[in-house]
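Spelled out, the chains give:
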Amino acid sequence: MVQPLLSLLQASYPYTERYDTATTGMIFLIVVIGVVGYMVQARLQSVFKKYSKVRFPGGLTGAEVAEKMLRDNNIHNVKVTHVKGHLTDHFNPQTMTVNLSDAVYGSDSVAAAAVAAHECGHAIQHAREYAPLKLRSQLVPAVQFASTAATWVIIAGLVLLAATQNEILCWIGVGMIAMSAIFSIVTLPVEYNASARALEWLEASRTMQGAQLVQAKEALSWAARTYLVAALSAVASVLYYVFLILGRRD
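The rules behind each value
- Residues numbered from 1 in each chain as written.
- Predicted model: local features only at pLDDT ≥ 70, side-chain atom pairs only at ≥ 80, totals over all residues.
- Heavy atoms only, no water.
- Salt bridge = Lys/Arg side-chain N within 4 Å of Asp/Glu carboxyl O.
- Helix = DSSP H or I, 4+ residues; strand = E, 2+ residues; numbered from the N terminus.
- Buried < 20%, exposed > 50% of the residue type's maximum accessible area, 1.4 Å probe, protein only.
- Patch = residues over 30% accessible without salt bridge, like charges linked within 9 Å, V, L, I, M, F, W, Y side chains within 5 Å.
- Areas by Shrake-Rupley, 256 points an atom, 1.4 Å probe, with all protein chains shown as cover.
- Contact = heavy atoms within 4.5 Å.
- Pairing = 2+ DSSP bridges.
- Polar contact = N/O pair within 3.5 Å; in protein donor to acceptor, adjacent residues only side chain to side chain.
- Axes fitted to C-alpha atoms, helices over the stretch in contact; angles between N-to-C directions.
- Parallel < 35°, antiparallel > 145°, perpendicular 65-115°, else oblique.
- Left-handed = near helix turned anticlockwise from the far one by under 90°.
- Nonpolar A, V, L, I, M, F, W, Y, C, P; charged D, E, K, R; others polar.
- Core = buried A, V, L, I, M, F, W, Y, C linked by side-chain atoms within 4.5 Å.

Novice: Any chance you could explain the pattern of salt bridges here in plain terms?
Specialist: Once the charged atoms of two side chains with opposite charge are near each other, the side chains can pair. For the coordinates displayed, the defined rule picks out four salt bridges. Of the charged contacts, one joins E218 and R43 as a salt bridge, the two residues approaching to 3.2 Å between their closest N and O atoms. A residue pair is termed long-range when its members are at least 10 positions apart, and E218 in helix α8 (residues 210–247) and R43 in helix α2 (residues 17–51) qualify at 175 residues. We classify E218 as partly exposed; its relative accessible area is 23%. A salt bridge links E191 to R136; the nearest nitrogen and oxygen atoms lie 3.2 Å apart. With E191 in helix α7 (residues 168–204) and R136 in helix α6 (residues 131–164), the pair connects residues that are 55 residues apart, well separated along the chain.

Novice: Just to check I follow, could you spell out a nonpolar patch on the surface for this structure?
Specialist: Together, I27, V31, V35, Y38 and M39 make up a nonpolar patch on the protein surface, roughly 520 Å² of accessible area in all. Examined against the element boundaries, V35 turns out to sit in helix α2.

Novice: Whenever I open this one, the side chain of S184 confuses me. Can you help?
Specialist: You can see S184 is positioned in helix α7. With a relative accessible area of 17%, S184 lands in the buried category. When near neighbours in sequence (up to four residues on either side) are disregarded, S184 contacts A230, A231 and A234.

Novice: Sorry if this is basic, but what is going on with the pairing of strand β3 (residues 97–100) here?
Specialist: The two faces of a sheet get side chains in turn, since along a regular strand they alternate between them. Judged by which residues are buried, β3 turns out to be covered on both faces: T97 and N99 on one side and V98 and L100 on the other are all buried. Pairing of strand β2 (residues 90–92) with β3 involves three bridges; the strand directions are antiparallel. Across the sheet, residue N92 finds its bridge partner in β3, namely T97. The loop that links β2 with its antiparallel partner β3 comprises four residues; one of these, M96, has a positive phi angle of about 55°.

Novice: Explain the environment of N166 to me, please; I cannot follow it from the model alone.
Specialist: Structurally, N166 is set in the loop between α6 and α7. Relative accessible area serves as the criterion here: at 34%, N166 is assigned to the partly exposed category. When sequence neighbours within four positions are dropped, the list of residues in contact with N166 reads G157, L160 and L161. For N166, the side chain forms a polar contact with the main-chain nitrogen of I168, separated by 2.9 Å.

Novice: Teacher, can you tell me more about the packing of α6 against α7 here?
Specialist: When two helices pack together, their arrangement is captured by the angle between the axes and the distance separating the axes. Here α6 crosses α7 at 155°, and the two axes come no closer than 6 Å. When the interaxial angle is binned, α6 and α7 end up roughly antiparallel. With respect to the hand of their crossing, α6 and α7 are arranged in left-handed fashion. Split by residue class, the contact of α6 with α7 holds 30 nonpolar, five polar and two charged.

Novice: Would you mind going over the nonpolar core with me for this structure?
Specialist: Within soluble globular proteins, side chains that are nonpolar generally end up buried alongside one another. By size, the foremost hydrophobic cluster in this structure holds 46 residues, and its most contacted members are V78, V98 and M208. Of all the elements in the fold, those that place two or more residues in this core are α2, α3 (62–72), β3, α5 (110–127), α7 and α8. If one sorts the elements of this core by residue count, α5 sits on top with eleven residues. Excluding residues within four positions of it along the chain, V98 makes contact with V78, K79, V80, T81, H90, F91, E119, C120 and A123. Counting 17 residues, the second largest nonpolar core, distinct from the first, contains A150, I154, L161 and A181.

Novice: Would you mind showing me how to read the packing of α3 against α5 here?
Specialist: Closest axis-to-axis distance for the α3/α5 pair is 8 Å, and the angle between their directions is 35°. Crossing geometry of α3 relative to α5 is assigned as right-handed. Contacts from G62, V65, A66, M69 and L70 in α3 reach A112, A113, A116, A117, C120, G121, A123 and I124 in α5.

Novice: Could you clarify how one ought to interpret the environment of G62 in this entry?
Specialist: For G62, the location among the structural elements is in helix α3. Since its relative accessible area comes to 0%, G62 is described here as buried. Not counting chain neighbours up to four residues away, the residues in contact with G62 comprise L100, V104, Y105, S107, A112 and A116.

This is the structure we're talking about:
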């Protein structure tokens, strides 16, 4: 969605040298973040693959780790299920399920245990009514609508802008794009907190100790960084549109 809108905005009106420099800088920043994001994702895949081969002494599968963590936290209304795919693990509050992927559900590796515990961290957040998780859930319908409609709103805004010099629809479109950035920012504490809960339980329950616990922490840290990069990218995209619209005024 981002690149077609950039082209449309640039073709619609000129902008001053001051904002030209700013928007060029934002393009460079977006590209840099994209490259960093690719590197972080590649590193995550590498770490997960590495620790998927490391068995931990307890010998529990990802599903068994999840079930044990839920029991230890007195959560009895959440079911652990198996879903297809790679790193498709997630907690679904609508169905009250912790859904574990092929590489996690039946595996007794360090990586599988870390991922399973992380998803249970979300289930615990839900049970404890963790505020950022509640806010993220409330934002989902608005973000889904905004991400679908933003392109068409900005296109309509450009038509209106060319005809009347009225920026209102363009700003509404930018506001819709900003919803995704807000969602990404709210997601950060949710993901980091789930990992913290996972590591705390893995250590306290003695499910993992020593080197295996360090390895689990490394895997979850790289997973969390993917969300950080996504948030930075979303914020940079919003700022780019803001500079483009402001630049046409001079």
